[in-house]
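A closer look at the structure
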Amino acid sequence: MTTLAPGKSLRLAFGETITDLAATDRRIVVLDGDTGSSTFTSLFEAEYPDRFFQMGITEQNMLGMAAGMASLGLVPIVSTFSCFIVSRAHDSIRVLIAQPRANVKLMGGYAGLLAGMTGKTHLMFDDVSIMRAMANMTVVAPADEVETRSALKAIIEYDGPVYFRLTRSDSPILFDDDYEFELGKAVTIRNGTDVTVFSTGVQTARAYEAAEALALEGIGVHLVHVPTIKPLDVDAVVAAATKTGLVVTTEEHTIIGGLGGAIAEALAVNAPTPMILHGLQDVFGESGPDGALLDKYGISAEKTAAAIRDAVANR
Amino acid sequence: MTQTMTDYTPDDMAEFARQARVRILEAVKHANGGHVGGPYSAADMLAVLYFGILDIRPDEPDWPDRDRFVLSKGHSSIALYTMLALRGFFPVEELLTFDSIDSRLQGHPDMTLTPGIDMSSGSLGLGFAGALGIALGARATGRDFTTFVMLGDGECNEGVVWEGAHVAARYALDNVVAIVDHNKLQQFGWTGESLDDRITPYTGTQLADRWRAFGWEVMEMDGHDIPEVLATLEAAKQVEGRPVAVIAHTVKGKGVSYMEGNYTWHSRVPNDEEFAIAMRELGESEGGAS
């Protein structure tokens, strides 16, 4: 199986990038929920101690305070683990950030299946579904360190609330250094004529490796990366789906309401297409090493390839 | 920060509070819904804030250096709308659109709709967090205004209040003043001697003790004694090095005899007879002001 070059974790790319951006954007402040040593907001604190605010373990309060700071024209970047932002502080986001369109950037760290042995409480893979359902919220899940850097710049330039999905483990590099993320745009990763695969976040690297392996078997995968899950690039999704007439979605996230759900909604209305939703099933997670989790929960590159192979065989 | 508005006397403030109680009941009756008890317990304090304490510009509601006010007990919105209207942020006649479709005057305050609303609120405890963020942001951007935030005593049940109280003390936010409307009742409340006996969420000095324990400077006042409210809030603004919580002892439904201390008037619409009695007690003609 083709493997991509190793890269940094998205969390490290995040910590480095916000520190860089803060040099020229005085509006940026960081609010940390006592996880900065894990999420790398520690890098920002070291450089800009006066613009770093330790909020302690007070997530509901932290998200509310971020809204207050945003009302003064600051751009608060709120960082902690995804589960504590999306679940614990959901009401604060809904009432003070989403509905009033407060310019707050929500950094959901340790999202997905691979959160370092933490297990059921911390493994957050319904975050995209939950945040996508919230009016006014933009939802972005970058694939690698390059896209993380570019996307952070874009969402800070954008005026409004954004949920940004960050992960813990190192991620292979998918994009060239000159890649530029465009908010709301899907990206074609490779062309193929047998099946269209849509993926998002760090799962795109696994989908890419799966597609390269399937090419050796004569299956041509048209792979489209969808970093902005909301608003969805409906035109690109319809065009890519129509091209092959068969769709597989894959994500490190529940198949209920995430990328697969968003694309199913878009295609059902605009271009009904036979479709398989690949990703995490209707389950909670558990503790374990990355490889074992990816295998058991069926979203490793190999298992992703198998899902695509089955979809093509059964079309 | 030390500027005091001298255009209005305590007697003027009392008159605005009286007018506010009239307008509140009119709006609630007209909308056939809304809260009364909490707005009435807060009315005198809001009159002092809007006519004696807050440095604001009704003709420039977004003036960056204005003092901020956040009504964290957002279900008392009609009291705030009434005070904003009396202060000139929008026409008094608009109060009768309260709770109607397409109105700027929503059931709970919406900072995107209403001139003079500095922070949305309505889910209890969150306006307080927003206010603390404004205060921290003011410090971070070198702005010298005071943020006032009003909470209910029932609202202090919420855990997020104490998360924020901890963080505010940690950052020594002396540019924020929290006023706790301690009217001793909440919507349904804790059961007392009988099912009709609804008792205070915090007895004696419990509420003051809690804020003090979290590192706040605590002051207490009679929330209906206008000169005392004026003096206490002025003093609260001067405190340095720590945030201030003002425990305001109030009466839910204050100003109308049959509402005072009666939890059922938390949110209830008066019938014609009750409305007439209230107007009479408030020194208004029985038909109201509108």
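For clarity, every value in this text was computed on a predicted model and none was experimentally measured. (Residues numbered from 1 in each chain as written. Chains lettered and ligands numbered in written order. Predicted model: local features only at pLDDT ≥ 70, side-chain atom pairs only at ≥ 80, totals over all residues.)

**Structural notes on the sheet that holds strand β11 (residues 247–254) of chain A**
Residue and element names in this part refer to chain A. Strand order in this open sheet of five strands is β7-β9-β8-β11-β12, and the pairing throughout is mixed. Sheet topology places β7 (187–190) and β12 (275–280) at the edges, where each strand pairs with a single neighbour. On average, each strand axis in the sheet is inclined to that of its neighbour by 25 degrees, with strand direction left out of account. Bridge analysis of strand β8 (residues 195–199) against strand β9 (residues 221–225) gives five bridges, and the strand direction is parallel. Looking at β9, one finds that Val-197 is bridged to Leu-223. In the packing of helix α9 (residues 203–216) onto the sheet, the strands contacted are β7, β8, β9 and β11, and the crossing angle to β9 comes to about 170 degrees. Against the sheet, helix α10 (residues 234–244) touches β8, β9 and β11, its axis set at about 150 degrees to β8. (Pairing = 2+ DSSP bridges. Helix = DSSP H or I, 4+ residues; strand = E, 2+ residues; numbered from the N terminus. Axes fitted to C-alpha atoms, helices over the stretch in contact; angles between N-to-C directions. Contact = placed C-beta atoms within 7 Å.)

**Quick word on helix α11 (residues 259–270) of chain A**
When the terminal C-alpha atoms of α11(A) are compared, their 16 Å separation across 12 residues agrees well with the 16 Å that a helix rising 1.5 Å per residue should span. Where α11(A) is concerned, the buried positions are Leu259(A), Gly260(A), Gly261(A), Ala262(A), Ile263(A) and Leu267(A). (Expected span 1.5 Å × (residues − 1). Buried ≥ 20, exposed ≤ 12 C-beta atoms within 10 Å, placed from the backbone.)

**Section: unusual backbone geometry**
The omega torsion across Lys230(A) and Pro231(A) is 0 degrees, close enough to zero to call that bond cis. Assignment of secondary structure puts Pro231(A) in the loop between β10 (228–230) and α10. Positive phi outside glycine occurs at Asp99(B), with the angle close to 70 degrees. You can see Asp99(B) is positioned in the loop between α3 (77–87) and α4 (126–140).

**Quick notes on the sheet that holds strand β7 (residues 244–249) of chain B**
All names here are of chain B. One open sheet holds the five strands; their spatial order is β1-β2-β3-β7-β6, and the pairing between them is parallel. The open sheet has two free edges, formed respectively by β1 (68–71) and β6 (217–222), since each of these has just one partner strand. Along the sheet, successive strands turn relative to each other by an average axial angle of 20 degrees, direction set aside. Bridge analysis of strand β2 (residues 147–152) against strand β3 (residues 176–182) gives six bridges, and the strand direction is parallel. Counterpart to Gly-152 in the pairing with β3 is Asp-181. Running over the sheet, α4 touches β1, β2 and β3 and is turned about 165 degrees from β2.

**Remarks on the domain arrangement of chain A**
Residues and elements named next belong to chain A. When the domains of chain A are assigned, the result is domain 1 (10–165) and domain 2 (187–313). Taking only C-alpha atoms, the centre of domain 1 and the centre of domain 2 are 26 Å apart. On the side of domain 2, 30 residues touch domain 1, which itself brings 24 residues to the contact. Among the elements of the structure, α7 (127–132), β5 (138–140) and α8 (145–157) are those that each provide at least two residues to the side of domain 1 that touches domain 2. Within the side of domain 1 that touches domain 2, the residues separate by chemical class into 13 nonpolar, five polar and six charged. (Domains from an automatic or database assignment. Nonpolar A, V, L, I, M, F, W, Y, C, P; charged D, E, K, R; others polar.)

**Thoughts on the interface of chain A and chain B**
Contacts between chain A and chain B engage 23 residues on the former and 23 residues on the latter. Taken together, the elements giving at least two residues each to the side of chain A that touches chain B come down to α4 (59–70) and α6 (90–98) of chain A. Here the side of chain A that touches chain B is composed, by residue class, of 12 nonpolar, nine polar and two charged.

**Observations regarding α3(B)**
Residue and element names in this part refer to chain B. Burial of α3 is extensive: 10 of the 11 residues sit out of reach of the surface. Every buried residue belonging to α3 is among Ser-77, Ile-78, Ala-79, Leu-80, Tyr-81, Thr-82, Met-83, Leu-84, Ala-85 and Leu-86, and all of these are buried. Gly-88, located one to two residues past α3, shows a positive phi value of around 105 degrees.

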